[in-house]
Amino acid sequence: MTLMTAPRAALEQAGLFLRHLSSARQVYALYPARHPKRIETVHLALAALRELHASLQADPVIFITRHALYLGGVLLPRDSLARYGLVDAFEKSGVEAVETMPTVTAADIDKLIRVVLAELGPETIFEGITLNRLKPDPDAGETDANMGISGLRRSYALGLEVLRHTAAMVAAGESVDLSAATKLVAQLSEHVVQDPTQALMLATVRSHDEYTYYHMLNVCLLSIALGYAVGLHSEQILALGTGALLHDVGKVNVPVEILQQVGALNQEQWRVIQRHPVDGAGIIFGTTDSLMQPTAAIVLEHHAAYDLTGYPSLSGRPHPSLPARLVAVADCFDAVTTTRPYRKAEERRQALNILLAGAGRGYDPRVVRTFVRLLGLFPVGSLVRLTNGATGVVVRNHDAMLARPRVRIMLDPQGSTCEPFEVDLSTPGRSGGFRWTVERSMDPSELGIDMTSLVLFGEIESAPSGSGGERGLVHEPAHGEAPPPDYVDTHSTRPA
């Protein structure tokens with residue numbers, strides 16, 4: 001376990017530098033040498049690197065090891081996840097460490113990008129950059145706590161790449177090739193069937209910068225786990241997972257300023273948002289692949305509601321299709337546990353209560369009951385405080401005693417970080433009864449904990465700035481949830 005020791009500004013600048021470096025890979029693939037777009041991305045990366053030098057007041061070193069990025073000895077969990085393509089490119093090019101000096105130039109950044117693209121080798125001579133002079137700490141590898149999630153983590157990161165590429169194709173007006181999405185769902189399905197609790201843990205990961213992509217992936221994981229729980233076979237799981245992964249693909253047509261608007265939306269803005277199921281189904285049907293029709297049905301129906309009071313209007317049957325009903329439950333759960341412009345994220349336990357309140361109207365009651373049993377009284381991925389004062393994350397639920405999960409302790413009774421260890425709350429104490437009990441659920445923001453680092457790498461790190469609830473994205477209110485101020489139900493107010 002590592003503790004955050006670098007200044008917050010340095011971590012943010014390191015993330016910004018890596019973001020520009022990641023973008024440069026795409027820019028260099030699209031534009032020729034000396035093109036203004038190339039020059040622009042080089043200077044953006046150089047500016048972030050110089051700010052990083054100023055924040056650290058030292059020469060920064062970025063290590064690439066164990067499929068993760070580090071600034072010195074500090075893990076960069078969000079960048080490790082979001083910059084999957086960059087990490088993979090570094091590893092394939094043989095780069096383990098990037099050490100930069102104040103003399104770094106734009107020409108150096110250009111060479112570094114070409115090393116990442118395998119146009120140059122790691123032995124390239126730079127003026128202000130040195131590659132592989134230092135070595136990562138060999139003991140900074142996977143711990144017992146996160147070994148099981150590493151393969152799933154890489155598949156999740158690959159999923160972000162797939163969704164970004166899909167969105168780019170939609171934005172460019174090109175026909176979407178869904179073969180990559182289908183292959184990804186097959187990978188995720190294999191991981192989920194091996195250990196569904198790891199998928200439930202991973203579905204706690206959030207990003208406000210790319211909310212739609214993370215949300216689509218989380219709903220996919222939750223839907224696959226739910227599909228197995230209700231007894232679907234592998235072919236049905238593949239169709240379910242693909243529909244879940246792409247359920248919000250129509251939102252790529254929604255202007256980002258609407259999704260991020262803090263104030264009340266007007267009727268036309270709500271109409272734009274509520275068109276996304278129809279737009280998304282159109283995108284899927286545009287593949288001209290008949291095998292994608294079940295996927296398109298899920299995309300079209302996931303907001304239709306169990307009692308058909310949602311949108312778009314469906315006729316000729318009493319309920320949406322079963323896959324769409326499964327995705328609707330997963331969609332609600334992930335959405336209400338995410339910060340909105342008008343309220344903070346709900347705890348995972350309260351999200352289950354919202355689903356229960358909407359059962360029979362918005363959601364299939366049988367699906368809701370199965371989902372609640374799947375996640376447990378204290379959902380996997382929840383932070384809880386025990387009666388002895390220690391705090392940990394729920395990693396597995398007991399089949400019969402739902403109030404007694406298995407908890408990975410991260411903070412001792414004094415609130416200090418400790419070497420992680422797991423306790424089984426169902427184990428009887430020596431004198432009868434149980435040694436410890438869950439005292440209450442904890443909000444990660446209450447402790448200032450970054451759940452991405454905790455879930456993916458088993459490490460305690462501070463939540464990034466800007467994650468305290470002041471930001472968020474617009475999402476259609478769930479059944480059983482109070483709507484935002486001035487909410488307009490446009491699907492029931494359409495002009496004749």
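Residues numbered from 1 in each chain as written. Predicted model: local features only at pLDDT ≥ 70, side-chain atom pairs only at ≥ 80, totals over all residues. Heavy atoms only, no water.

Visitor: Before we go on, may I ask you to explain the pairing of strand 9 (residues 417–424) in this structure?
Guide: Sheet faces and side chains relate simply in a regular strand, where the side chains alternate between the two faces. The sheet contact formed by strand 8 (residues 406–411) and strand 9 spans five bridges and is antiparallel. Looking at strand 9, one finds that R408 is bridged to E422. Hairpin connection from strand 8 to strand 9: five residues lie between these consecutive antiparallel strands, with G415 at a positive phi of about 85°. (Pairing = 2+ DSSP bridges. Helix = DSSP H or I, 4+ residues; strand = E, 2+ residues; numbered from the N terminus.)

Visitor: So what exactly am I meant to see when it comes to the sheet that holds strand 4 (residues 97–100) here?
Guide: In a beta sheet, neighbouring strands pair by backbone hydrogen bonds and run either parallel or antiparallel. Spatially, 3-2-1-4-5 is the arrangement adopted by the five strands of the open sheet, whose pairing is antiparallel. Across the chains shown, the open sheet's two edge strands, defined by having one partner strand only, are strand 3 (74–75) and strand 5 (129–131). Here strand 2 (residues 68–71) pairs with strand 3 via two bridges, running antiparallel. Counterpart to L71 in the pairing with strand 3 is V74. Where helix 1 (residues 8–30) meets the sheet, it contacts strand 1 (61–65), strand 2 and strand 3, and its direction lies at approximately 135° from that of strand 2. This element, helix 5 (residues 106–116), spans strand 4 and strand 5 of the sheet and lies at about 25° to strand 5. (Contact = heavy atoms within 4.5 Å. Axes fitted to C-alpha atoms, helices over the stretch in contact; angles between N-to-C directions.)

Visitor: Can you walk me through the pattern of salt bridges in this structure?
Guide: It is possible for side chains bearing opposite charge to pair when their charged atoms get close. This model, assessed by the stated rule, comprises 18 salt bridges. Here R366 and D364 are joined by a salt bridge, their closest N and O atoms 3.5 Å apart. Note on D364: relative accessible area 1%, which makes it buried. (Salt bridge = Lys/Arg side-chain N within 4 Å of Asp/Glu carboxyl O. Buried < 20%, exposed > 50% of the residue type's maximum accessible area, 1.4 Å probe, protein only.)

Visitor: Explain the packing of helix 9 (residues 211–229) against helix 15 (residues 322–336) to me, please; I cannot follow it from the model alone.
Guide: The axes of two packed helices give the description: the angle between them and the distance between them. Relative to each other, helix 9 and helix 15 sit at 130°, their axes nearing to 8 Å. When the interaxial angle is binned, helix 9 and helix 15 end up oblique. Between helix 9 and helix 15 lies a crossing of right-handed hand. Here helix 9 contributes Y211, H215, N218, V219, L222, S223, L226 and G227 to the contact with helix 15, which in turn contributes L326, V327, V329, A330, D331, F333, D334 and A335. (Parallel < 35°, antiparallel > 145°, perpendicular 65-115°, else oblique. Left-handed = near helix turned anticlockwise from the far one by under 90°.)

Visitor: What is the right way to read the side chain of S223 from this model?
Guide: Residue position: S223 is located in helix 9. Take S223: its relative accessible area is 0%, and that puts it in the buried class. Excluding residues that lie within four positions of it along the chain, S223 makes contacts with L240, A244, L326, V327 and A330.

Visitor: I tried to follow unusual backbone geometry on my own but got confused; where do I start?
Guide: Negative phi is the rule for most residues except glycine; trans is the rule for most peptide bonds. With an omega dihedral of -10°, the bond running from Y311 to P312 counts as a cis peptide bond. As for its position among the elements, P312 is in the loop between helix 14 (293–301) and helix 15.

Visitor: Any chance you could explain the sheet that holds strand 6 (residues 383–386) here in plain terms?
Guide: Spatially, the five strands line up as an open sheet ordered 9-8-7-6-10, and their pairing is antiparallel. Across the chains shown, the open sheet's two edge strands, defined by having one partner strand only, are strand 9 and strand 10 (438–442). Pairs of neighbouring strands in the sheet enclose a mean axial angle of 35°, with direction left out of account. Of the pairings in the sheet, the one linking strand 6 to strand 7 (residues 391–396) comprises three bridges and is antiparallel in character. Bridge pairing in strand 7 places L383 opposite V393.

Visitor: Help me out: how do you make sense of the packing of aromatic side chains in this one?
Guide: Here a ring pair, both rings aromatic, is described through the centre-centre distance and the interplanar angle of the planes. For the coordinates displayed, the defined rule picks out three aromatic pairs. Taking 4.8 Å as the distance between ring centres and 85° as the angle between the ring planes, the aromatic pair formed by W270 and Y487 counts as edge-to-face. Of this pair, W270 sits in helix 12 (residues 267–274) while Y487 sits in the segment after helix 19 (451–457), placing them 217 residues apart in sequence. For Y487, a relative accessible area of 24% corresponds to the partly exposed category. A cation sits over an aromatic face here: R38 above Y28, 4.0 Å from the ring centre. A cation over a ring is seen here: R404 above F434, with NZ or CZ 3.8 Å from the ring centre. (Phe/Tyr/Trp six-rings, centres within 6.5 Å; stacked < 30°, edge-to-face > 60°. Lys NZ or Arg CZ within 6 Å of the ring centre and 35° of its normal.)

Visitor: Is there a simple way to think about the packing of helix 9 against helix 17 (residues 365–375) in this case?
Guide: Orientation of helix 9 relative to helix 17, taken along the N-to-C sense of each, is 105°, at an axis distance of 10 Å. The angle between the axes of helix 9 and helix 17 places the two elements in the roughly perpendicular class. Within the contact between the two elements, helix 9 uses L222, A225, L226 and A229 and helix 17 uses V367, T370, F371 and L374. Residue composition of the contact of helix 9 with helix 17, by class: seven nonpolar, one polar and no charged. (Nonpolar A, V, L, I, M, F, W, Y, C, P; charged D, E, K, R; others polar.)

Visitor: For this particular structure, what's the right way to read the environment of G128?
Guide: Tracing the backbone through its elements, the reader meets G128 in the loop between helix 5 and strand 5. Taking the C-alpha atoms as reference points, G128 and T105, separated by 23 residues in sequence, lie 6.6 Å from one another. If near-sequence neighbours (up to four positions away) are discounted, G128 is found in contact with E99, T100, M101, T103, V104 and D108.

Visitor: Explain the state of the cysteines here, please?
Guide: Simply put, the disulfide is a covalent bond whose two ends are the sulfur atoms of two cysteines. Using the criterion set out here, one finds zero disulfides in the structure. Sulfur of C220: no disulfide; nearest cysteine sulfur belongs to C332 and is 18 Å away. (Disulfide = S-S within 2.5 Å.)

Visitor: Can you walk me through the nonpolar core in this structure?
Guide: A general trend in soluble globular proteins is that nonpolar side chains are found buried together. Membership of the largest hydrophobic core comes to 84 residues, with the highest contact counts inside it found for Y156, L245, L355 and F371. Once you skip the residues sitting within four places of it in the chain, Y156 turns out to touch L81, L188, L202, V205, Y214, L217, N218 and L221. Formed by 35 residues, the second largest nonpolar core is a distinct cluster that contains A10, A24, I64 and V95. (Core = buried A, V, L, I, M, F, W, Y, C linked by side-chain atoms within 4.5 Å.)

Visitor: Got a minute to help me understand the confidence of the model for the chain in this structure?
Guide: Do not read the fine detail of predicted coordinates wherever pLDDT is low. Looking at the chain as a whole, its pLDDT mean stands at 86, while 92% of the residues score no less than 70. Confidence drops under pLDDT 50 across residues 140–148; counting only partners more than four residues distant or on other chains, this segment forms 12 contacts. (pLDDT = per-residue confidence, 0-100.)

Visitor: Would you mind going over helix 9 with me for this structure?
Guide: Under the 1.5 Å per step criterion, the end-to-end length of helix 9 is 27 Å for 19 residues, consistent within 8% with the ideal 27 Å. One or two steps after helix 9, the chain reaches G231, where phi turns positive at roughly 95°. (Expected span 1.5 Å × (residues − 1).)

Visitor: Sorry if this is basic, but what is going on with the environment of S234 here?
Guide: Note on placement: S234 falls in helix 10 (residues 234–245). Classification of S234 as partly exposed rests on a relative accessible area of 49%. With 141 residues separating them along the chain, S234 and S93 place their C-alpha atoms 37 Å apart.

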